[in-house]
Amino acid sequence: MSQKKNLLGLSQDSLEKFFQKINEPKFRAKQLTKWVHQKGILDFDQMTDFNISLREKLKEISSLQIPKVYKSFESKDGTIKYLIQLESGSMIEMVEIPDKKRRTLCISSQAGCALQCTFCATGAQGFDQNLSSDEIIGQLWISNFYKNNKKTITNVVFMGMGEPLLNFEPVIEAAKIMKDQFAYGLSRKRITISTSGIVPNIDQLSKNIDVSLAISLHAADDKLRDEIVPINKKYPIKSLIESCRNYLMSYENKRSITIEYILIKDINDSLKDAAKVSKLLSNITCKINLIPFNSFKGSSYEKPSNNKIHVFKDFLMNKGFITTLRTTRGDEVSAACGQLVGNLVRPVKGKKLISHKSL
Ligand code: SAH
Ligand code: SF4
């Protein structure tokens, strides 16, 4: 493992501190950010506005290391799933979804997830590790620059593997780089952090960075939510709704939250459930995104019929909620929501990577 400091995951502020420590002027941070995140250059020798002695020094004490693309799969609809290997050997997945003028990247913040939502393949896999900020921003770098890619990512969603608010600092540091106009320059509307409801960190979010927030609600009463989103036992619905309200208030009610609601046949898809959702969200400025359950091996849940999905949606629309239905993309390469499992387990003591068939 490299002992050199990986500069890939440092925001401009952190890079300024790094350069100050080595007695270089602060503006080097901006120069380096541009080389790495605007031009896709990782080789210090190509950074022509750095003199030779600085390049040598940087090579000696630091590195610019991206995670390894282990494999990529392209679906007929243009969705690309990347299997990425971290320095530890763990595997994560990210998904690139082209859509008209947009190109959305769904990234991972953890390898696996500890929260064990009953409908999620990542949760079924268990928790492996947190990603560092360079492993998080590295995913966006790969999507933009890998193999001289000519495609530019326009939107990033933290909806891949893991719970982003349980890996708070690295996620914030990476999001700062995403927003930086000398890096990717994505506006707050184009970066979405999705959380299953880590209440104390939702409260911290607006104090640290201004990005869009999505809440994975999935059930509007504690009994059901305790069962399907077990973190609800720790942070029940009342506290979650209160922190949503506080979040909106911190922006003087000029923002909206996305509420994600997965629809699972006979579990949370009745009109009674829709009525509960509508009542619960009556004081929250939000739009609701309904996600029909995507199946994965080992799960006994099913997706409701199209008719049932539309009845649920129409009910919420009639109550005045902007309600959208997420269409499934990349299903044939298992790249759809909740199907991300890393699919390979980490190599142990020189053993070869093996397929993770049990999921
Ligand atoms: N941990 C975070 C972000 C990753 S999950 C969270 O839970 O919000 C991203 C989204 O995928 C969540 O809304 C999650 O509920 C949804 N999802 C998980 N499993 C799914 C499945 N099997 N089918 C459809 N959506 C799923
Ligand atoms: Fe973790 Fe999100 Fe999956 Fe729940 S839905 S297990 S929080 S990744």
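Residues numbered from 1 in each chain as written. Chains lettered and ligands numbered in written order. Predicted model: local features only at pLDDT ≥ 70, side-chain atom pairs only at ≥ 80, totals over all residues. Heavy atoms only, no water.

Participant: Quick question: what am I supposed to make of the overall build of the protein here?
Facilitator: Helix and strand counts for the protein come out as 11 helices and 14 strands. What you see for the protein is a C-alpha radius of gyration of 21 Å, in line with the 21 Å of a compact globule of 359 residues. C-alpha atoms of the protein, sized along the principal axes, occupy 70 × 50 × 40 Å. Relative to its full complement of 359 residues, the protein shows a buried share of 55%. The long-range fraction of contacts in the protein, counting pairs at least 24 apart against all pairs at least 6 apart in sequence, stands at 65%. Within the structure as shown, the protein displays about 17,100 Å² of accessible surface, and the carbon and sulfur contribution to it stands at 49%. Charge centroids of the protein, computed over 54 positive and 37 negative side chains, lie 2 Å from each other. (Helix = DSSP H or I, 4+ residues; strand = E, 2+ residues; numbered from the N terminus. Rg over C-alpha atoms; globule rule 2.2 N^0.38 Å. Buried < 20%, exposed > 50% of the residue type's maximum accessible area, 1.4 Å probe, protein only. Contact = heavy atoms within 4.5 Å. Areas by Shrake-Rupley, 256 points an atom, 1.4 Å probe, with all protein chains shown as cover. Lys, Arg positive; Asp, Glu negative; His and termini not counted. Charge placed at Lys NZ, Arg CZ, Asp CG, Glu CD.)

Participant: Help me understand the site of ligand 2, please; the structure alone is not making it clear to me.
Facilitator: All residues in the neighbourhood of ligand 2 are listed as Cys 113, Leu 115, Gln 116, Cys 117, Phe 119, Cys 120, Gly 123, Gly 162 and Ser 196. Its residues placed into classes, the shell around ligand 2 shows 5 nonpolar, 4 polar and no charged. (Near = heavy atom within 4 Å. Nonpolar A, V, L, I, M, F, W, Y, C, P; charged D, E, K, R; others polar.)

Participant: So what exactly am I meant to see when it comes to the site of ligand 1 here?
Facilitator: In the vicinity of ligand 1 there are 21 residues, among which Phe 119, Gly 162, Ser 194, Ser 216 and His 218 approach most closely. Here Ser 194 contributes a side-chain N or O atom positioned 2.6 Å from an oxygen atom of ligand 1. Bound to the protein, ligand 1 loses 96% of the 530 Å² it would expose on its own. Taken together, the residues of the shell around ligand 1 sort by class into 10 nonpolar, 9 polar and 2 charged. (Polar contact = N/O pair within 3.5 Å; in protein donor to acceptor, adjacent residues only side chain to side chain.)

Participant: Before we go on, may I ask you to explain the pairing of strand 13 (residues 286–292) in this structure?
Facilitator: A regular strand places its side chains so that they alternate between the two faces of the sheet. With 6 of its 7 residues buried, strand 13 lies for the most part within the structure. As judged from the 7 bridges shared by strand 12 (residues 257–263) and strand 13, these two strands associate in the parallel manner. What sits directly across from Tyr 261, in strand 13, is Leu 290. Handedness of the crossover is the feature at issue here: the chain leaves strand 12, passes through helix 10 (residues 271–280), returns alongside strand 13, and the resulting connection is right-handed. Two strands pair when backbone bridges link them, and strand 13 and strand 14 (residues 322–325) are joined in this way by 4 bridges, in the parallel orientation. Note on strand 14: the bridge partner recorded for Lys 287 is Ile 322. Handedness of the β-α-β unit built from strand 13, helix 11 (residues 306–318) and strand 14 comes out right-handed. (Pairing = 2+ DSSP bridges. Right-handed = clockwise from strand over helix to strand, strands pointing away.)

Participant: Can you help me understand the nonpolar core in this one?
Facilitator: In summary, soluble globular proteins display a tendency toward joint burial of nonpolar side chains. One finds Phe 119, Met 178 and Leu 281 to be the most contacted residues of the largest nonpolar core, which totals 102 residues. With 7 residues, helix 6 (residues 168–179) is the largest single contributor of residues to this core. The residue makeup of this core includes at least three contributed by each of domain 1 (5–63) and domain 2 (68–354). Filtering out sequence-adjacent residues up to four positions away, Phe 119 remains in contact with His 218, Ile 228, Val 229, Ile 262, Ile 264, Phe 293, Phe 296 and Tyr 301. (Core = buried A, V, L, I, M, F, W, Y, C linked by side-chain atoms within 4.5 Å. Domains from an automatic or database assignment.)

Participant: I would appreciate a short explanation of helix 7 (residues 199–208) in the present structure.
Facilitator: Every α-helix winds through 3.6 residues per turn, so residues three or four apart in the chain are directed the same way. For helix 7, the full list of buried residues reads Val 199, Asn 201, Ile 202 and Leu 205. Taken end-on, helix 7 shows its buried residues confined to a sector of 160°, consistent with a single buried face. Structurally, helix 7 contributes buried residues whose contacts are with helix 6, strand 10 (191–195), strand 11 (212–216) and helix 9 (237–250). (Arc of directions from axis to C-beta.)

Participant: So what exactly am I meant to see when it comes to the pattern of salt bridges here?
Facilitator: Two side chains of opposite charge can pair, provided their charged atoms sit close to one another. Within the structure shown, the criterion is met by 13 salt bridges. For Glu 96, the salt bridge goes to Lys 151, with nearest N and O atoms at 3.7 Å. Residue Glu 96 is located in strand 5 (residues 91–99), and its partner Lys 151 is located in the loop between helix 5 (133–145) and strand 9 (155–158); the two are separated by 55 residues in the primary sequence. Relative accessible area serves as the criterion here: at 0%, Glu 96 is assigned to the buried category. A salt bridge links Glu 302 to Lys 265; the shortest N-O distance between them is 3.6 Å. Residue Glu 302 is located in the loop between strand 13 and helix 11, and its partner Lys 265 is located in the loop between strand 12 and helix 10; the two are separated by 37 residues in the primary sequence. Of the residues examined, Glu 302 reaches a relative accessible area of 45% and is grouped as partly exposed. (Salt bridge = Lys/Arg side-chain N within 4 Å of Asp/Glu carboxyl O.)

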